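Spelled out from the first residue to the last, the chains are:
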Amino acid sequence: MNSDESKPPPDDLQKHLQDWLRAGGLGAGHPFAQPAPEAPPPSHDPETEAEALRRIRDFSFKPREIRDYLNRFVVKQQEAKKVLSVAICDHYNHVRTCIEKPERLEREYSKQNILLLGPTGVGKTYLMRTIARLIGVPFVKADATKFSETGYVGGDVEDLVRDLVKIAGGNTELPQYGIIYIDEIDKIASEGGQGGRDVSGRGVQINLLKLMEDTEVNLVSPTDMMAQMQAMMEFSRGGRKPRKRTISTRHILFIVSGAFDKLAENVQKRLDHGRIGFSSETAARRETHEYLRYTETSDFIKYGFEPEFIGRLPVRVACEALAADDLAQVLVSSEGSILQQYREDFQGYGIDFRITAEAIREIATRAHAEKTGARGLLTVLERAFRDFKFHLPSAGITAFEVTDETIRNPGAGLQKLLAEHAHLQRGALMADLDRFAEDFAREHGLKLVFDDGAREALAAAAVAKDQTIRALCEQKFRDFQHGLKIIARNTGRDAFTITRAAAENPDGELSKWVVESFTSRKPEGNL
C-alpha cells in the first residue's frame, strides 16, 4: 500500500485536531499544557470599536480639558494631572496625524512614555484608567513583579500587548492605540542598585524596552501550545484571508509607576549632602517621598535601571501623598467615591444612610493613619460597615445615620440601632416568610398559607435561634411537598393553611393530615 494512501485526508486531520483540542489536548498535567483562561474575552462589538477608532482619528482634546475631567475623579495631584494631560495630548495628536498622513510614520518620533512616582493609594492607576476611559482606548494594568526573563518561570511581557487585544474583543486595530500600565516598576531595578533583586530584573527591563520602542508582537504566544495548533489549523484551511498575526507597539503608550521609597531616601542623601536649595531645617520637615520630585536620570541608573530603559521614559512626575483633608474630599466630592459604592450596596436592600460631617472627618483621619492613601478609606469603611451589612437587611430598617461615634465604635452603634427599631424586625420576618411561601408554590405547585399563630411561632423560633426565617422554614418543611402532594391527589386541594401546631411539630401534623386524606375525600377544618 502506498504510504500516502494511508494518511487521512486534510479535512479529517483537521477534524481530529479540533476534537483533540476540545477534549483537552495535552491535558492539565502535561508540562507544556496551557491553563484554561479564567474568563472568555469580551464580545466583539463592531459599532463600539468603530466609535472608539473614530474618536482616536478625531482626537481634539486640549490639555486643560483632560485636566478638568481628571479633577472630577482624582483629588489633588495637580502637577501630575498637568504633565499627564500634555503628554496624552501630544501622543494622540501624533497618532491622529500618522493616521491622516501615513508618510509621517517614516519620521523619527520619540514616544512620550510616562513614569509616575509616589506613595501607594494616591491615584496613579486611577489617573491612567480615567484617561483611557475618556479617550476610549483599551487599558491593561499589570505588576512588574509578575514578569521574568523569557525562558524563566513567570509571565512574558509581550502578554501585555496580547491582553489589549483580548480586551478589545479580538480586534487588532484598536489595541495598537491602547495604554499599558505597569505598576511596581521599582521592584525590577537590577541587582547592582537594589542589593537583593535577582538578575532577571535586568532581563525584564530589556524586554520591556523592546516593547516601548517600535516592535511587532506575535498575537500567539510561542509558549501557548493550544493557540499555536489552532493557528496552524486556520493556516491549513486555505481559501480565506489569513487573520492578522502581529500587532505593532509603535502607538501603544506605556506608563510605569512605583513607590520608589528607597530611591527617595537616596535622593534625600544626595541633596542633604550638597545642601542644594534648602537648609537642613527645611529638609527635616520634609516627608521622604517629597524628595522624588528632585529625582534625576542618574538617580534611576544608580538605583538599578538600565540607561536605555529609563531613557524611554522621558515624562516623569512625582505624585503627592494625601493628607487627611484630601481623603475627606475624596469621600465627598470625587465621582466614583468608595462611599457611593457603599451607599449603592445598602440601596440594594432598600436601605439608605445619612453620614455626618464629623463622621467624614473621623473616617479620613483613620484612613490617613493606615498610610495606604485612598485605599485606607476602604479599610476603615469595611471595618465600620461590615456588621451593618450583615444584620440590617434582615432587620426591617430602611434608613440610619452614621456619626463619628458609629465609626469609632461600630458594634455599639449597631446594637443601639437594632434596639431602637426592634419593632420593625417582625415586619421583615413576615416578608421573608411570604417569600418562602411564594418560592414553595412556584417550585411545587402547592400554596402554603401561614395563619397568625404559625407566624408568631416561627418568628419567635427564628429570633431565639439567631436564624433567618427562610432557613428555619426550609429545615422544618423540607419534606412537606411529598406529603402534601399525596393529600392533593386524594382531596384535589392545592392550598393548605399552616397552623401553630404545624409550625411547632411539622412532621407529626403532616403525618396526621396524610392519614386523614385517605379517610376523607375533602377533610374539614384547617391543616
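Residues numbered from 1 in each chain as written. Predicted model: local features only at pLDDT ≥ 70, side-chain atom pairs only at ≥ 80, totals over all residues. Heavy atoms only, no water.

A.B. asks: What is the right way to look at the overall build of the protein chain in this model?
C.D. replies: If you tally the helices and strands in the protein chain, you get 25 helices and 11 strands. By sequence separation, contacts in the protein chain at least 24 residues apart represent 77% of the contacts at least 6 residues apart. (Helix = DSSP H or I, 4+ residues; strand = E, 2+ residues; numbered from the N terminus. Contact = heavy atoms within 4.5 Å.)

A.B. asks: Hey, could you run me through the pairing of strand E3 (residues 179-183) in this one?
C.D. replies: It is a general feature of regular strands that their side chains alternate between the two faces of the sheet. In terms of burial, E3 is largely enclosed, as 5 of its 5 residues are buried. Pairing between strand E2 (residues 139-143) and E3: 5 bridges, direction parallel. Looking across to E3, one finds that Val140 is bridged to Ile180. Direction of pairing for E3 relative to strand E6 (residues 253-258): parallel, over a ladder of 4 bridges. (Buried < 20%, exposed > 50% of the residue type's maximum accessible area, 1.4 Å probe, protein only. Pairing = 2+ DSSP bridges.)

A.B. asks: Just checking my understanding: could you explain the packing of helix H20 (residues 425-444) against helix H21 (residues 452-465) for this structure?
C.D. replies: Relative placement of two packed helices is described by the angle separating their axes and the distance separating the axes. Contact geometry of H20 with H21 gives a least axis separation of 10 Å together with a crossing angle of 110°. In this view, H20 runs roughly perpendicular relative to H21, as classed from their interaxial angle. Contacts between H20 and H21 pair Gln425, Arg426, Leu429, Met430, Leu433 and Asp434 from the former with Arg455, Glu456, Leu458, Ala459, Ala462 and Val463 from the latter. Within the contact of H20 with H21, the residues separate by chemical class into 7 nonpolar, 1 polar and 4 charged. (Axes fitted to C-alpha atoms, helices over the stretch in contact; angles between N-to-C directions. Parallel < 35°, antiparallel > 145°, perpendicular 65-115°, else oblique. Nonpolar A, V, L, I, M, F, W, Y, C, P; charged D, E, K, R; others polar.)

A.B. asks: How should I be thinking about the side chain of Glu362 in this particular structure?
C.D. replies: Mapped onto the elements, Glu362 comes out in helix H16 (residues 357-370). Not counting residues up to four positions away in its chain, the partners in contact with Glu362 are Asp404, Ile407 and Arg408.

A.B. asks: Explanation requested: the pattern of salt bridges in the structure shown.
C.D. replies: Any two side chains of opposite charge can pair, on the condition that their charged atoms come close. Applying the stated criterion across every chain, the model contains 35 salt bridges. Its salt-bridge partner being Lys82, residue Glu79 comes within 3.2 Å of it at the nearest N-O pair. One end of the pair, Glu79, and the other, Lys82, are both in helix H4 (residues 78-100), 3 residues apart, so they sit about a helical turn from each other. With relative accessibility at 42%, the residue Glu79 sits in the partly exposed group. Residue class for Lys82 comes out partly exposed when judged on its relative accessible area of 46%. The salt bridge involving Arg500 is made with Glu504; its shortest N-O contact spans 3.6 Å. Taken together, the residues span about one helical turn, with Arg500 and Glu504 both in helix H24 (residues 500-504) at a distance of 4 residues. Overlapping salt bridges, with partners in common, bring together Glu362, Arg366, Asp404, Glu405 and Arg408 in one network. (Salt bridge = Lys/Arg side-chain N within 4 Å of Asp/Glu carboxyl O.)

A.B. asks: Honestly, helix H15 (residues 338-347) in this entry has me stumped. Any pointers?
C.D. replies: One turn of an α-helix holds 3.6 residues; hence residues three or four places apart share an orientation. Within the sequence span of H15, burial applies to Ile338, Leu339, Tyr342, Arg343 and Phe346. Taken around the axis of H15, the buried residues stretch over an arc of 150°, which confines them to a single face. In the core, the buried residues of H15 are packed alongside helix H14 (324-333), strand E8 (352-355), H16, helix H17 (375-391) and strand E9 (399-402). The distance from a side-chain oxygen at the start of H15 to the backbone nitrogen of Leu339 is 3.1 Å, and the residue carrying that oxygen is Ser337. (Arc of directions from axis to C-beta. Polar contact = N/O pair within 3.5 Å; in protein donor to acceptor, adjacent residues only side chain to side chain.)

A.B. asks: Would you take a moment to explain the layout of surface pockets for this structure?
C.D. replies: To find leftover empty space, a probe the size of one water molecule is rolled over the atoms. Looking at the second largest pocket, its volume works out to about 880 Å³. Contributing to the lining of the second largest pocket are 37 residues, with Gly121, Gly123, Tyr126, Ala374 and Arg375 lying nearest its centre. Residue assignment for the lining of the second largest pocket shows that the elements contributing at least two residues are helix H5 (124-135), E3, helix H10 (261-274), H15 and H17. It is H5 that contributes the most residues to the lining of the second largest pocket, 4 residues altogether. Grouping the amino acids of the lining of the second largest pocket by side-chain chemistry returns 16 nonpolar, 11 polar and 10 charged. (1 Å grid on protein atoms, 1.4 Å probe; cavity = no way out; pocket = protein on both sides within 12 Å on 5 of 7 lines; lining within 4 Å. Points joined across faces, edges and corners; volume = space filled by probe spheres on them.)

A.B. asks: Could you clarify how one ought to interpret the packing of H16 against H17 in this entry?
C.D. replies: Where H16 contacts H17, the axes come no closer than 8 Å and their chain directions differ by 120°. The angle between H16 and H17 places the two elements in the oblique class. Where H16 crosses over H17, the handedness of that crossing is right-handed. Counting all contacts with H16, which are made through Ile363, Ala364, Arg366, Ala367 and Glu370, the residues of H17 involved are Gly376, Leu377, Thr379, Val380, Leu381 and Arg383. Its residues placed into classes, the contact of H16 with H17 shows 6 nonpolar, 2 polar and 3 charged. (Left-handed = near helix turned anticlockwise from the far one by under 90°.)

A.B. asks: Would you take a moment to explain the environment of Ala502 for this structure?
C.D. replies: When you line up the elements, Ala502 lands in helix H24. For Ala502, a relative accessible area of 0% puts it in the buried group. Spatially, the C-alpha atom of Ala502 lies 9.9 Å from that of Ala457, the residues being 45 residues apart in sequence.

A.B. asks: Which parts of the structure should I look at to understand the packing of aromatic side chains?
C.D. replies: To describe a pair of aromatic rings, you give the distance between the ring centres and the angle between the ring planes. Under the definition given, this model contains 24 aromatic pairs. Measuring from ring centre to ring centre gives 6.5 Å for Phe300 and Phe305, while their planes differ by 65°; the resulting arrangement is edge-to-face. Residue Phe300 is classed as buried on the basis of its relative accessible area, which comes to 1%. Since its relative accessible area comes to 3%, Phe305 is described here as buried. Arranged with centres 6.0 Å apart and planes meeting at 20°, the rings of Tyr303 and Phe305 form a pair that is stacked. Tyr303 gets classed as buried once you look at its relative accessible area, which sits at 3%. Linked through ring pairs, Tyr342, Phe346, Phe353, Phe385, Phe388 and Phe400 together constitute an aromatic cluster. The ring of Phe73 has Arg133 lying over it, and the distance from NZ or CZ to the ring centre is 5.1 Å. (Phe/Tyr/Trp six-rings, centres within 6.5 Å; stacked < 30°, edge-to-face > 60°. Lys NZ or Arg CZ within 6 Å of the ring centre and 35° of its normal.)

Bear in mind that shape data such as this cannot, by itself, settle questions of function.
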